[in-house]
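Chain by chain, the residues:
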Amino acid sequence: MIPYLDLHSINAPYAEQIKSAMQRVVDSGWYLFGGEVAAFEREWATYCGAQHCTACANGLDALRLVLRAWIEMGLLHRGDEVIVPANTYIASILAVSDSGLVPVPVEPDPDTYLMSAANVASAITPRTRVLLPVHLYGQLCDMDALMSIARSNDLLVLEDCAQCHGVAPSYRGDAQAWSFYPGKNLGAMGDAGAVTTSDAGLAEVVRQLGYYGSVRKYVHRYKGLNSRMDELQAAVLREKMPDLDRCNHRRQAIAARYNAEICNPAVRVPLANAPHVWHVYPLLCGRRDELQKYLLDNGVQTQIHYPIPPHRQEAYAEWRSMSMPITESIAALELSLPCHPASSDADVSQIIDIINHF
Ligand SMILES: *Cc1c(COP(=O)(O)O)cnc(C)c1O
């Protein structure tokens with residue numbers, strides 16, 4: 001069986017390094033607020049070309065903390081509208097609802113499946129305050145177009161970077177939210193997240209909000225939450241970070257082979273003309289469920305990203321009458337092939353053969 005994702009094989013090259021990094025943490029006696037998290041924050045900021053990085057507990061919290069911080073800073077008010085992609089993992093949208101803001105979903109570009117600048121432009125109202133692009137599947141959104149709309153409408157830009165580690169050397173929005181969930185391109189051994197930004201004030205409020213809203217111990221300025229990265233996760237991420245670019249190049253090589261060698265008229269391969277780190281390799285197929293079963297019968301596991309779009313979830317029952325035909329068709333047709341740094345050339349060849357025989 002070729003698994004969709006094999007975390008054991010992905011982490012195997014670093015197993016010894018990770019064990020000694022964990023030993024280092026055990027021996028230090030510091031499990032929170034030690035040197036590992038501080039070093040991780042410096043190293044990740046440098047890698048991302050950002051001035052500041054604040055670590056937190058997970059990717060959803062990274063998004064929530066930025067929105068909460070902008071509310072505390074007086075830049076946003078409850079009830080303000082945030083434009084979000086309709087085609088995304090639901091966490092991007094949950095963060096908005098949770099902050100008392102109003103998510104406004106827009107249809108994606110039908111070629112990239114990402115936030116469409118034209119659809120954003122027509123969704124702007126006098127209440128719109130934030131644009132929340134998601135670099136879904138690892139592909140960079142058209143940030144030139146989105147940033148120019150944001151600047152001319154005085155919108156804040158929060159990038160959901162949970163799937164795009166390493167896609168661009170520097171980021172242009174006002175803040176980026178990262179997830180280091182184990183299956184992401186840079187994954188911890190548990191939950192972890194971070195915010196990067198070049199706004200020192202925002203970085204500081206995010207840090208305080210994640211630590212019970214305190215300016216210093218026992219002095220609380222905000223009604224904050226507890227959202228911290230622990231030393232063990234930071235130590236793991238520091239060991240893996242230097243190899244991230246190599247891992248992304250391996251994903252890019254696999255995706256390039258799929259794009260060049262899959263030639264079955266029933267299948268549409270994804271466009272590959274924007275920067276892309278292939279967190280997910282998404283193809284579209286009109287007989288998607290049949291193709292998924294055919295691959296499984298031939299020993300290949302696949303996944304669907306995502307089978308039910310947010311506006312069709314019970315959690316967003318208020319959106320039941322919304323029609324999002326492009327998003328719905330992606331949900332009905334999308335199939336994700338194994339595409340990770342531990343996939344072998346032989347596995348990739350076998351997957352291509354099976355699809356071409358379908
Ligand atoms: C994984 C993911 C998140 C949430 O990250 P967690 O660390 O699981 O909370 C948010 N947005 C997108 C697009 C994701 O893929």
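1. Things to note about the overall build of the protein
Summing up its helical and strand segments, the protein has 13 helices and 12 strands in all. Its C-alpha radius of gyration of 21 Å places the protein within 12% of the 21 Å reference for a compact globule of 358 residues. Dimensions of the protein, computed from C-alpha atoms along their principal axes, come out at roughly 65 × 55 × 35 Å. Out of the 358 residues belonging to the protein, those deemed buried represent 54%. For the protein, the accessible surface area stands at approximately 15,000 Å², while carbon and sulfur atoms represent 53% of it. Averaged over its 29 positive side-chain charges, the protein has a centre that lies 5 Å from the centre of its 39 negative ones.

2. As for the sheet that holds strand 4 (residues 128-131)
To summarise the sheet geometry, strands pair through backbone hydrogen bonds and adopt either a parallel or an antiparallel arrangement. Taken in spatial order, the 7 strands line up as 1-7-6-5-4-2-3 in an open sheet, and their pairing is mixed. Looking along the sheet, the strands with just one partner apiece sit at the ends: strand 1 (52-56) and strand 3 (102-106). Neighbouring strand axes in the sheet, compared pairwise and without regard to direction, differ in orientation by 25 degrees on average. Inspection of the sheet shows strand 5 (residues 156-160) paired to strand 6 (residues 175-179) by 3 bridges, in the parallel sense. Pairing of E159 across the sheet is with Q176, part of strand 6. Each of strand 1, strand 6 and strand 7 (193-197) is contacted by helix 3 (residues 35-48), which is oriented at about 130 degrees to strand 1, the strand it contacts most.

3. Structural notes on the pairing of strand 6
Counting buried positions over the 5 residues of strand 6 gives 5, a clear majority of the element. Going residue by residue along strand 6, you find A175, A177 and S179 tucked away on one face and Q176 and W178 tucked away on the opposite face as well. Pairing of strand 6 with strand 7, which is carried by 4 bridges, proceeds in the antiparallel orientation. Looking at strand 7, one finds that W178 is bridged to A194.

4. Observations concerning the domain arrangement of the protein
The domain architecture assigned to the protein consists of domain 1 (7-106 + 114-241) and domain 2 (242-356). Listed as interface residues are 33 residues of domain 1 and, on the opposing side, 30 residues of domain 2. Of the roughly 2,700 Å² buried where domain 1 meets domain 2, counting both sides, 63% is carbon and sulfur surface. Ranking the residues of domain 1 by area buried against domain 2 places Y137, Q139 and N185 at the top, with a combined share of 26%. Linking domain 1 with domain 2 are 0 salt bridges, by the criterion used here. Taken together, the links from domain 1 to domain 2 amount to 17 residue pairs in polar contact (both at pLDDT 80 or more). Sorting the residues of the side of domain 1 that touches domain 2 by element identifies helix 1 (7-11), helix 3, helix 5 (91-98), strand 3 and helix 9 (231-240) as the ones contributing at least two each. Residue classes in the side of domain 1 that touches domain 2 are distributed as 18 nonpolar, 11 polar and 4 charged.

5. Comments concerning the site of the ligand
Close to the ligand lie N58, G59, L60, Y89, A91, S92, V134, D160, A162, Q163, S179 and K184, which account for all nearby residues. Within the side chain of D160, a nitrogen or oxygen atom sits 2.8 Å from a nitrogen atom of the ligand. Considered on its own, the ligand offers 380 Å² of accessible surface; in the complex 90% of this is hidden by protein. Looking at the shell around the ligand, the elements that each hand over two or more residues are helix 4 (59-72) and helix 5. Partitioning the shell around the ligand into residue classes produces 5 nonpolar, 5 polar and 2 charged.

6. As for the state of the cysteines
Counted according to the given criterion, the structure contains 0 disulfides. Unpaired in terms of disulfides, C56 finds its nearest cysteine sulfur in C53, a separation of 8.7 Å. With relative accessibility at 1%, the residue C56 sits in the buried group. With no disulfide of its own, C161 lies 3.8 Å from the sulfur of C164, the closest cysteine sulfur. Look at C161 and you get buried, because its relative accessible area is 0%.

7. A word on the packing of aromatic side chains
Two numbers describe a pair of aromatic rings. These are the distance of the centres and the angle of the planes. Tallied over the full model, the rule gives 13 aromatic pairs. Consider the rings of F40 and W44, whose centres lie 6.3 Å apart with planes at 10 degrees: the pair is stacked. Taken as a pair, F40 and W44 lie in helix 3 at a separation of 4 residues, close to a single helical turn. What makes W44 buried here is its relative accessible area of 0%. Ring centres of Y316 and W319 lie 4.5 Å apart, and the angle between their planes is 15 degrees; on these two criteria the pair is classed as stacked. Of the two residues examined, Y316 and W319, each falls in the buried class. Among the aromatic residues, those joined into a ring-pair cluster are F40, W44, Y47, W178 and F180.

Cut-offs applied
- Residues numbered from 1 in each chain as written.
- Predicted model: local features only at pLDDT ≥ 70, side-chain atom pairs only at ≥ 80, totals over all residues.
- Heavy atoms only, no water.
- Helix = DSSP H or I, 4+ residues; strand = E, 2+ residues; numbered from the N terminus.
- Rg over C-alpha atoms; globule rule 2.2 N^0.38 Å.
- Buried < 20%, exposed > 50% of the residue type's maximum accessible area, 1.4 Å probe, protein only.
- Areas by Shrake-Rupley, 256 points an atom, 1.4 Å probe, with all protein chains shown as cover.
- Lys, Arg positive; Asp, Glu negative; His and termini not counted.
- Charge placed at Lys NZ, Arg CZ, Asp CG, Glu CD.
- Pairing = 2+ DSSP bridges.
- Axes fitted to C-alpha atoms, helices over the stretch in contact; angles between N-to-C directions.
- Contact = heavy atoms within 4.5 Å.
- Domains from an automatic or database assignment.
- Buried area = accessible area lost by both parts, 1.4 Å probe.
- Salt bridge = Lys/Arg side-chain N within 4 Å of Asp/Glu carboxyl O.
- Polar contact = N/O pair within 3.5 Å; in protein donor to acceptor, adjacent residues only side chain to side chain.
- Nonpolar A, V, L, I, M, F, W, Y, C, P; charged D, E, K, R; others polar.
- Near = heavy atom within 4 Å.
- Disulfide = S-S within 2.5 Å.
- Phe/Tyr/Trp six-rings, centres within 6.5 Å; stacked < 30°, edge-to-face > 60°.

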